[in-house]
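The lines below spell out each chain.
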Amino acid sequence: MAEIPGLLFLLLLLCVVGQVSPYGAFWKPTWPAYRLPVVLPQSTLNLARPDFRAEAKLEVSSSCGPQCHKGTPLPTYEEAKQYLSYETLYSNGSRTETQVGIYILSNGRGGAQHQDSESSGKSRRKRQIYGYDSRFSIFGKDFLLNYPFSTSVKLSTGCTGTLVAEKHVLTAAHCIHDGKTYVKGTQKLRVGFLKPKFKDGGRGANSSSSALPEKMKFQWIRVKRTHVPKGWIKGNANDIGMDYDYALLELKKPHKRKFMKIGVSPPAKQLPGGRIHFSGYDNDRPGNLVYRFCDVKDETYDLLYQQCDAQPGASGSGVYVRMWKRQQQKWERKIIGIFSGHQWVDMNGSPQDFNVAVRITPLKYAQICYWIKGNYLDCREG
């Protein structure tokens, strides 16, 4: 295992192997095979305890839109190591910073390159809701407690997260850190799971209320530690920081629910119907889990721009798609991004708004997977 030279590193950023042609008569949208790097800790430094004074912000703003991001050079090897280094916050308030190295396991080079989809160029008229509100509130335990909706959880800071392992939740970095310090309540951060709410310990059999949605409540589990990439902390929720708006939470105990695996985000043109899906706890529908799907309108290497209807509170939701897994010969959903939220962008002096998701790139996959597994050998398939 060797460190990556500069040229090979850039190739690796765009590397995809084993691509399936979309033009066969029996073609299925298939998960691509990626040549994945390895992101490993190199050194860890103890930091001073944070003050937890930041106000939770459920939206992110930026002056850098799709064309701005497309014009930004891909990070060098040294820059990528800096961005992928990370802070860990523990429930006792202690904090560490870990520097990482990026490696490859072989000298193979990549095949097809990532391609940007065409920009829609359409103006947005209404804040986070585009025309007719196409969101669906999910009612009833038969839906809420079943996959994939059961993977959506609520953070005590007001955001949404997604179960990605037995004890791990993926969310947006801005839900716990504002780029400078940690949000109020992060030291006692909890994750809420919707469960049926029974009165007097029983289900009740009042037929007059049988048509009403079943009452649900949150059961909370404390968070043991959080990981936030330095690419977010060194930024300030714009430009490069926006690309790293993700965080991983480790729970104090297993949640015992089915979770959704993470995967590397394919180019938008390879997504089934060009669409993405996610569910979250939008603030304008308190207590409701809200599902939506929509087309991807534009993309950069690190971001997906779309018009999914959403409100604050949905940020941190896992963006997923369902594609064919050739090795297992089955359909599989994977998280390919994290919904960052509504962002105003200055487009040639005219303000426009986008809903933006952070893509899971090969490097981000390697990092997040290592946070979950603790062993890079378990992170070879994206």
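Criteria and cut-off values
Residues numbered from 1 in each chain as written. Predicted model: local features only at pLDDT ≥ 70, side-chain atom pairs only at ≥ 80, totals over all residues. Heavy atoms only, no water. UniProt positions renumbered as here; feature names shortened; annotations may be inferred. Helix = DSSP H or I, 4+ residues; strand = E, 2+ residues; numbered from the N terminus. Buried < 20%, exposed > 50% of the residue type's maximum accessible area, 1.4 Å probe, protein only. Contact = heavy atoms within 4.5 Å. Areas by Shrake-Rupley, 256 points an atom, 1.4 Å probe, with all protein chains shown as cover. Disulfide = S-S within 2.5 Å. Pairing = 2+ DSSP bridges. Expected span 1.5 Å × (residues − 1). Core = buried A, V, L, I, M, F, W, Y, C linked by side-chain atoms within 4.5 Å. Arc of directions from axis to C-beta. Salt bridge = Lys/Arg side-chain N within 4 Å of Asp/Glu carboxyl O. Polar contact = N/O pair within 3.5 Å; in protein donor to acceptor, adjacent residues only side chain to side chain. Phe/Tyr/Trp six-rings, centres within 6.5 Å; stacked < 30°, edge-to-face > 60°.

Within an unreviewed UniProt entry, the label attached to the protein reads Serine protease 23, and the organism entered is Ictidomys tridecemlineatus. Quoted straight from UniProt, the Subcellular location (unreviewed entry) entry for the protein says "Secreted". UniProt lists a comment for the protein under the heading Sequence similarities (unreviewed entry), and it reads "Belongs to the peptidase S1 family."

**Structural notes on the overall build of the protein**
Secondary structure assignment for the protein yields six helices and 17 strands. Counting the 382 residues in the protein, one finds 54% classified as buried. Contacts spanning at least 24 positions in sequence make up 75% of the contacts within the protein whose residues lie at least 6 apart. For the protein, the accessible surface area stands at approximately 17,400 Å², while carbon and sulfur atoms represent 49% of it.

**Concerning the state of the cysteines**
The full count for this structure, using the stated rule, is three disulfides. Here Cys159 engages in a disulfide with Cys175; their sulfurs sit 2.2 Å apart. Across the S-S bond linking Cys159 and Cys175, the dihedral sits near -95°, which makes this disulfide left-handed. In this pair, Cys159 is assigned in the loop between strand S6 (152-155) and strand S7 (160-165) and Cys175 in the loop between strand S8 (168-171) and strand S9 (190-196), connecting sequence segments 16 residues apart. Assigned by exposure class, Cys159 and Cys175 land together as buried. One disulfide in the model links Cys294 with Cys308; its S-S distance is 2.0 Å. Residues Cys294 and Cys308 share a disulfide whose torsion about the S-S bond is about -100°; that sign makes it left-handed. Taken together, the residues span a long stretch of sequence, with Cys294 in strand S13 (residues 289-299) and Cys308 in the loop between strand S14 (303-306) and strand S15 (318-325) at a distance of 14 residues. Residue class for Cys308 comes out buried when judged on its relative accessible area of 0%.

**Thoughts on the pairing of S7**
Counting buried residues along S7, six of its six residues qualify, which places the element largely inside the surrounding structure. With three bridges joining them, S6 and S7 adopt antiparallel strand pairing. Looking at S7, one finds that Lys154 is bridged to Thr160. Connecting S6 to the antiparallel partner S7 that follows it, the hairpin turn spans four residues, and Gly158 within it adopts a positive phi of roughly 110°.

**Points about helix H6 (residues 362-373)**
With twelve residues, H6 extends 16 Å between its outermost C-alpha atoms, agreeing within 8% with the 16 Å of an ideal straight helix rising 1.5 Å per residue. Burial analysis of H6 places ten of its twelve residues in the buried class, which makes it a mostly covered element. Two residues or fewer after H6 comes Gly374, characterised by a positive phi angle close to 75°.

**Overview of the environment of Lys334**
Along the chain, the position of Lys334 falls in strand S16 (residues 330-347). Residue classification places Lys334 among the buried positions, given a relative accessible area of 3%. Separated by eleven residues in sequence, Lys334 and Met323 place their C-alpha atoms 8.2 Å apart.

**Let's talk about the nonpolar core**
In this structure, Leu170 and Ile262 are the most contacted members of the largest nonpolar core, which totals 63 residues. The dominant element in this core, judged by the number of residues it contributes, is H6, at seven residues. Those residues within four positions of Leu170 in sequence are excluded, and the remaining contacts are Gly161, Thr162, Val164, Ala247, Leu248, Ile262, Gly316, Ile335, Ile338, Ile360 and Ile368. Core analysis: the next-biggest nonpolar cluster, separate from the first, contains 17 residues, Ile276, Leu304, Ala314 and Phe339 among them.

**Let's talk about helix H3 (residues 77-84)**
Among all positions of H3, only Tyr77, Ala80, Lys81, Tyr83 and Leu84 are buried. Take H3 and look down its axis: the buried residues cluster within an arc of 165°, on one side only.

**Some thoughts on the pattern of salt bridges**
Pairing between side chains of opposite charge can happen when the charged atoms of each approach one another. Tallying each qualifying case throughout the model produces 14 salt bridges. The partner of Glu250 in a salt bridge is Arg225, and the shortest N-O contact between them spans 2.6 Å. One end of the pair, Glu250, is in strand S11 (residues 247-251); the other, Arg225, is in strand S10 (residues 216-229), and 25 residues separate them in sequence. Residue class for Glu250 comes out buried when judged on its relative accessible area of 8%. Residue classification places Arg225 among the partly exposed residues on the basis of a relative accessible area of 26%. Residues Asp295 and Arg275 are paired through a salt bridge, measuring 3.4 Å at the closest nitrogen-oxygen approach. Here Asp295 is found in strand S13, whereas its partner Arg275 is found in strand S12 (residues 275-280), with 20 residues between them in sequence. Through salt bridges with shared partners, a single network forms among Glu87, Arg95, Glu97 and Lys230.

**A short note on the environment of Tyr34**
Position of Tyr34 among the secondary structure elements: in the loop between helix H1 (6-13) and strand S2 (38-47). Linking Tyr34 and Pro362, residues 328 residues apart in sequence, is a C-alpha distance of 7.4 Å. A polar contact is formed between the side chain of Tyr34 and the backbone oxygen of Ser265, at a distance of 3.4 Å.

**Section: the packing of aromatic side chains**
Evaluated as defined, the whole model comprises eleven aromatic pairs. Their ring planes at 50° and their centres at 5.4 Å tell us that Tyr83 and Tyr244 sit as a pair that is tilted. Separated by 161 residues along the polypeptide, Tyr83 in helix H3 and Tyr244 in the loop between helix H5 (230-233) and S11 bring together distant segments of the chain. Each member of the pair, Tyr83 as well as Tyr244, carries the same accessibility label: buried. Relative to Trp331, the ring of Trp324 has its centre 5.4 Å away and its plane inclined at 70°; by these criteria the two rings are edge-to-face. Trp331 gets classed as partly exposed once you look at its relative accessible area, which sits at 34%.

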